[in-house]
Amino acid sequence: MADTKAGTIRLGDVEISRVVEWEGAIAPPAMILPEGPQELWERHREWLDPHFWDAEADLYRAAMNTWVLRSAGRTILVDTGIGNGKYRPYFPLMSYLETDFLDRLAAVGVAPEDVDLVINTHVHADHVGWNTTLSDGAWVPTFPNARYLINQADIAYWNPLNGHSKQAVVGGLTAEFGNQNMYEDSVAPILEAGRAELWEDSYVIDENLRLDLRAGHTPGSSVLTLRSGTDHAVFVGDMLHTPVQLLDPDLHSCFDEDQRAASETRRRVLSWAADNTALVLPTHFPGPGAAEITRDGAGFAVRGWAGFAEV
Ligand SMILES: [Zn+2]
């Protein structure tokens, strides 16, 4: 059960561990960042390859990170990956995935019943998967003692009763179809079990942590900000899919539901992170997983990588 894919750092009074559910190649960069010039990837090949880009195969690479926080006496999970046994007919990579995620969580000292809070930075199939597990044919909360913090706007957006369009096509990939069954198997059971805590504009978790709505990637996309002593961090979910978006924050990913709003919030949150020496922790960075950034021309640059074990 020794897990080389985990690593732990401390910021102020908060301990942050990383659990990687899955890591690998997804698709050509031109599909992930439709307006991202190939030349940009080539120019930064030396540090993008091999973690973020398999240059030889020309494939964008990603990880499914769950951030495990210990703050003010509680154990908190930020995002819950793809999950096991979820049927995603239009996204083969995620469909019926089986991993030892719970063993990896145990390797950082966390059993399901230990989790006090689950935060879904937004509602997409690769962020809510382990919200639930299959038990006697029914999807039930994986973390029986946890409250699940989910933004109200994403609940409203994805609820099939609100008529979410099945026709949405983003950058050649169908975002809606990729999330087929997600609401039913990973969100609704949490609501039905009475475990969800829906929030709107902001939510103070404790003296170190707060959530703020930063719409764009989805209507309910949020960032989790950590402030403890002189240390700062920001968990940005899918505001960044690749560090190439640091170089040019206007480059939207094919998964952004509202591209213009996503760019605006990306620039806003990254500016704060650069000006406050905050560690930026996205959900999908492989390799070192997180970075401190600095302003660089019209964009940003990596100032230093976090001390998480490299995948
Ligand atoms: Zn994602």
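Relevant structure appears above.
Being a predicted model, the structure only gives us computed values, none of them experimental.

*Asks:* How would you summarise the coordination of the zinc ion if you had to cite specific residues and measurements?
*Replies:* The protein atoms that coordinate the zinc ion are Asp-126 (OD), His-127 (NE2), Asp-238 (OD) and His-284 (NE2), at distances spanning 2.1 to 2.2 Å. The motif formed by the donor residues of the zinc ion, counted along the single chain, is D-H-x110-D-x45-H. With His-127 in the loop between β6 (117-119) and β7 (132-135) and Asp-238 in the loop between β14 (231-237) and α8 (244-247), this residue pair connects regions lying 111 residues apart in the sequence. For His-127, a relative accessible area of 0% corresponds to the buried category. The exposure class assigned to Asp-238 is buried, which follows from its relative accessible area of 4%.

*Asks:* Which residues make up the sheet that holds strand β15 (residues 279-282), and what are the values?
*Replies:* Here 7 strands make up an open sheet; going across it, the order is β11-β12-β13-β14-β15-β16-β17 and the pairing mixed. Unpaired on one side and paired on the other, β11 (202-204) and β17 (299-305) mark the two borders of the sheet. Averaged over all neighbouring strand pairs, the angle between strand axes comes to 30 degrees, with direction disregarded. Relative to strand β12 (residues 209-213), β11 runs antiparallel, the two being bridged by 3 bridges. When the bridges of β12 are listed, Ser-202 appears paired with Asp-212. Strands in contact with helix α9 (residues 259-275) are β13 (222-228), β14, β15, β16 (291-296) and β17; relative to β16, the strand with the most contacts, it is inclined by about 100 degrees.

Conventions we followed
- Residues numbered from 1 in each chain as written.
- Predicted model: local features only at pLDDT ≥ 70, side-chain atom pairs only at ≥ 80, totals over all residues.
- Heavy atoms only, no water.
- Donors = N, O, S within 2.8 Å, 3.2 Å for Na, K, Ca; no water.
- Helix = DSSP H or I, 4+ residues; strand = E, 2+ residues; numbered from the N terminus.
- Buried < 20%, exposed > 50% of the residue type's maximum accessible area, 1.4 Å probe, protein only.
- Pairing = 2+ DSSP bridges.
- Axes fitted to C-alpha atoms, helices over the stretch in contact; angles between N-to-C directions.
- Contact = heavy atoms within 4.5 Å.

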